[in-house]
Amino acid sequence: MKKVFIVAVVFAFFGCKEVIINEVAQKLKVDKVLYEFEEPVVTENLVMTTKEDLLGYWVGDFKSDLTVEEERELADSEDYYEYNYNKQISISIDKIKDTLVDGHSIVSGNIRPFQGSLFEDEKGFYFKVSEPGDDKYDGKFEFSILKNDSIINGKWQANEVLRIDRRSLKLYKKVFEYSADNELSNEFVDWDKSKKVKYKEVDNENEYEWEDEEYFTTTEAVLKVNASKDKITKEFAENLSKADIFILRNSIYARHGYSFKNRQLRRYFENYNWYMPVFTDVKKSFTKIELANIDMLLLYEENAEEYYDRFGR
């Protein structure tokens, strides 16, 4: 009987969290998928047996670790548009000497160094590391890497009081590889940019009027070219919407592993499993065709028409 009760409690807890996530998604006028990123594609099936195996990038989810009550209170606050259950983080373990660890984290366009200690036993490796503390978003990480599954599981605790001051980690070993072949497949919508639009339609001498909210969004044109491979012509660029140009230009940065500060760009690109945010400056790595396409797109971005209608009216 006790086991049944425990299972019921656990089910109720996660069921309640699911309800809260959906409530927030409705408030933000987004689909729940924006908070569930795909697991990164791991380049090799690695087994961690030595400290040298641990070095390099680990990429994955950086989820809110608040209680159900804290999440509900935050979702109901006036600043819920800034609320985000889930982010993506990259952690690089740069150096291990005996039990001392040096590395850095990359999240939301910020790179922060960390230092700490490492403990090893027959099951795995256990880390306690801290960021410097001179930034309000700094904190402390505690995570482990078991030798039989090569996944980082752990926690992060902020040094200061933040809206979300506790997060959980689930990261996978991944080697960054630039590829011009990485494609876009989804539309982009900036949910912070919208306007009310009135429509009018005449049908059989009856006139209908209605009002709708339209958003800054891409058209199908953004999926027709790859800005890292295809030469963008003047004729093509001058017919693009502002959102199309914005995403095509930033897709070049994303393929080079740029970590975006812009919240909407982060959410968009983090839903592609090829995207790996590891750098805050990638301009020196652009190819000739990418540089030419960026120049062409910038010529038209400022004066391009803002396309708000995501339904294609």
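Residues numbered from 1 in each chain as written. Predicted model: local features only at pLDDT ≥ 70, side-chain atom pairs only at ≥ 80, totals over all residues. Heavy atoms only, no water.

A. Region of the structure containing the pattern of salt bridges. Tallying each qualifying case throughout the model produces nine salt bridges. We note a salt bridge from Asp165 to Arg166, for which the minimum N-O separation is 3.2 Å. Given the relative accessible area of 21%, Arg166 is considered partly exposed. A single network of salt bridges, built from pairs that share partners, joins Glu70, Asp165 and Arg166. (Salt bridge = Lys/Arg side-chain N within 4 Å of Asp/Glu carboxyl O. Buried < 20%, exposed > 50% of the residue type's maximum accessible area, 1.4 Å probe, protein only.)

B. Broad picture of the sheet that holds strand β7 (residues 151–158). Strand order around the closed barrel formed by eight strands is β1-β2-β3-β4-β5-β6-β7-β8, with antiparallel pairing between neighbours. Neighbour to neighbour, the strand axes of the sheet diverge by 30 degrees on average, direction disregarded. (Pairing = 2+ DSSP bridges. Helix = DSSP H or I, 4+ residues; strand = E, 2+ residues; numbered from the N terminus. Axes fitted to C-alpha atoms, helices over the stretch in contact; angles between N-to-C directions.)

C. Spatial organisation of the environment of Leu299. Turning to its location among the elements, Leu299 is positioned in helix α7 (residues 288–301). Classification of Leu299 as exposed rests on a relative accessible area of 62%. Once the C-alpha coordinates of Leu299 and Lys234 are considered, the two residues, 65 residues apart in sequence, prove to be 9.3 Å apart.

D. Expanded view of empty space enclosed by the protein. Following the criterion strictly, the structure yields two cavities of 30 Å³ or more and no others. For the second largest cavity, the calculated volume is near 30 Å³. As for the second largest cavity, its lining consists of Gln88, Ile106, Val107, Ser108, Ser259, Phe260, Arg266, Glu270, Tyr275 and Pro277. For the lining of the second largest cavity, the class distribution of residues is five nonpolar, three polar and two charged. (1 Å grid on protein atoms, 1.4 Å probe; cavity = no way out; pocket = protein on both sides within 12 Å on 5 of 7 lines; lining within 4 Å. Points joined across faces, edges and corners; volume = space filled by probe spheres on them. Nonpolar A, V, L, I, M, F, W, Y, C, P; charged D, E, K, R; others polar.)

E. Molecular detail of the pairing of β7. Note that strand β6 (residues 139–146) and β7 share seven bridges and pair antiparallel. Bridging across to β7, Ile145 finds its partner in Ile152. Here β7 pairs with strand β8 (residues 166–173) via seven bridges, running antiparallel. Across the sheet, residue Trp156 finds its bridge partner in β8, namely Arg167.

Keep in mind these numbers describe shape, not what the thing actually does.
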